[in-house]
Amino acid sequence: QTSQIKNTNTNTNTSNTNTNNKNYKLEFILQEKEKIDPNLKHITLLLLPTASAFTYINSFVLTRLTQYEYGTVSHALCSAVDVLIQQYMEYIQSLHDLYRNSGNSSGNMSGTINGNSSGNSSDTHLTLYQLYGELQPSIQTIQILQTIITNIQYLKGGAILNKLENLY
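So, here's what we can say about the structure. These numbers come from a predicted model, not from an experiment.

## Structural notes on the packing of aromatic side chains
For any pair of aromatic rings, the description rests on two quantities: the centre-to-centre distance and the angle between the ring planes. Enumeration according to the criterion identifies one aromatic pair in this entry. An angle of 35 degrees between the planes, with centres 5.2 Å apart, marks the rings of Phe54 and Tyr88 as tilted. Placement of the pair is Phe54 in helix H1 (residues 38–66) and Tyr88 in helix H2 (residues 72–101), with a sequence separation of 34 residues. Given the relative accessible area of 16%, Phe54 is considered buried. When the ring centre of Tyr70 is taken as reference, the NZ or CZ atom of Arg64 above it lies at 3.8 Å.

## Describing helix H3 (residues 128–152)
For H3, spanning 25 residues, the distance from its first C-alpha to its last is 34 Å, which sits close to the expected 36 Å at 1.5 Å a residue. Its maximal kink placed at Gln136, H3 deviates by approximately 50 degrees, while the proline Pro137 follows within four residues. Within H3 the residues assigned to the buried category are Leu128, Leu131, Tyr132, Leu135, Ser138, Ile139, Ile142, Leu145, Ile148, Ile149 and Ile152.

## Here's the deal with the nonpolar core
Ile57, Phe60, Val61, Val81, Ile85, Ile142 and Ile152 are the most contacted members of the largest nonpolar core, which has 18 residues in total. At the level of secondary structure, the elements contributing two or more residues to this core comprise H1, H2 and H3. Top contributing element to this core by residue count: H1, with seven residues. Leave out the neighbours within four places in its chain, and Ile85 touches Phe54, Ile57, Asn58 and Val61. In terms of nonpolar packing, the next biggest core, distinct from the first, is built from nine residues, Leu95, Tyr99, Leu126 and Leu131 among them.

Rules used throughout
- Residues numbered from 1 in each chain as written.
- Predicted model: local features only at pLDDT ≥ 70, side-chain atom pairs only at ≥ 80, totals over all residues.
- Heavy atoms only, no water.
- Phe/Tyr/Trp six-rings, centres within 6.5 Å; stacked < 30°, edge-to-face > 60°.
- Helix = DSSP H or I, 4+ residues; strand = E, 2+ residues; numbered from the N terminus.
- Buried < 20%, exposed > 50% of the residue type's maximum accessible area, 1.4 Å probe, protein only.
- Lys NZ or Arg CZ within 6 Å of the ring centre and 35° of its normal.
- Expected span 1.5 Å × (residues − 1).
- Bend = angle between axes of the 7 residues up to and from the residue.
- Core = buried A, V, L, I, M, F, W, Y, C linked by side-chain atoms within 4.5 Å.
- Contact = heavy atoms within 4.5 Å.

If you want it as structure tokens, here you go:
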């Protein structure tokens, strides 16, 4: 097993709510790093923070979408983020399909492109590093969403809007 899930639970009281809030942080970590191919280890370590952030965002959205006591502002924000999550998942699936259909069913883990240099895409294999490059805009979006959610997680109503305005 090359990854592990670490779950940290902390209780936090804020002046914005009357109840105890729990902040769940899920973090993916790589175990037995010395036994893994260096190229695979490097790309995995680049992607794990995004996986952790995505899991945090998704958990927050699912919680807020099902509990209306957080208010309509929170519900509307989470609905919009949920749309982004669905688009992200569709994009990841299309990249996965592209990767599998480019001749990598056995997994070309190296940082090089196999095939000829004539531009014939049927002979070119998509690598994990190329996938990582394709993911850069999505990774930035996930990081922004994580920052937003971290800052508003205990807020309601107008306080969310004020915080969003002050963030960006």
